[in-house]
Amino acid sequence: MEFPDLGKHCSEKTCKQLDFLPLKCDACKEVFCKDHITYEQHKCTSSYKKDVQVPVCPLCNTPIPVRRGEMPDIVVGAHMDRDCKYDPTQQEQRIFTNKCLKEGCKRKEMMKLVCNQCHGNFCIKHRHPLDHDCKGGGRSISKAG
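Definitions and cut-offs
- Residues numbered from 1 in each chain as written.
- Predicted model: local features only at pLDDT ≥ 70, side-chain atom pairs only at ≥ 80, totals over all residues.
- Heavy atoms only, no water.
- Salt bridge = Lys/Arg side-chain N within 4 Å of Asp/Glu carboxyl O.
- Buried < 20%, exposed > 50% of the residue type's maximum accessible area, 1.4 Å probe, protein only.
- Patch = residues over 30% accessible without salt bridge, like charges linked within 9 Å, V, L, I, M, F, W, Y side chains within 5 Å.
- Areas by Shrake-Rupley, 256 points an atom, 1.4 Å probe, with all protein chains shown as cover.
- Lys, Arg positive; Asp, Glu negative; His and termini not counted.
- Charge placed at Lys NZ, Arg CZ, Asp CG, Glu CD.
- Helix = DSSP H or I, 4+ residues; strand = E, 2+ residues; numbered from the N terminus.

- Under an unreviewed UniProt entry, the chain has the name Zinc finger AN1-type containing 2A and belongs to Chelydra serpentina.

Pasting the structure below:
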């Protein structure tokens, strides 16, 4: 052994392997080999310091603070029952809001399809001046009409 002080032994009781590139756990500050560096592999007692998760309310998308030792599911459930700002009336956004002005047509479109002559809003089927009996005056814009 030319370099007896090179490297460190793994702190895992069952391993004690001499590792020339040891890794230090950021939670408990002990030295481990590559096989025991994760919190689960060396049963880190300080993992709670680093393994912090903040649950988010599925309704209002706000982070919910959880104290150590509390179950996140229970805290989020309590938030949903008491403090949640979710309003189902605001969340229902209608996509198809542009109603066709053609008499008898009940279709709604996602985008406005405005006639160039009468400036009315129509569905795809009635968007051309000849299809909705346009009263915009003048001749049709397109050569087909």
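Further notes follow.
### So, the pattern of salt bridges
Thought 1: Going through the model one piece at a time under the given rule, you end up with three salt bridges.
Thought 2: Lys-34 is the salt-bridge partner of Asp-35, the closest N and O atoms lying 3.2 Å from each other.
Thought 3: Overall, Asp-35 belongs to the partly exposed group, its relative accessible area being 39%.
Thought 4: Here Arg-107 makes a salt bridge to Glu-109, at a shortest N to O gap of 3.4 Å.
Thought 5: When its relative accessible area of 48% is taken as the criterion, Arg-107 is described as partly exposed.
Thought 6: For Glu-109, a relative accessible area of 9% corresponds to the buried category.

### Side note on a positive patch on the surface
Thought 1: A cluster of basic residues, Lys-8, Lys-24, Lys-29, Lys-49, Lys-50 and Arg-68, forms a positive patch on the protein surface.
Thought 2: Along the chain, the position of Lys-24 falls in strand β3 (residues 23-24).
Thought 3: Judged by its relative accessible area of 58%, Lys-24 falls in the exposed class.

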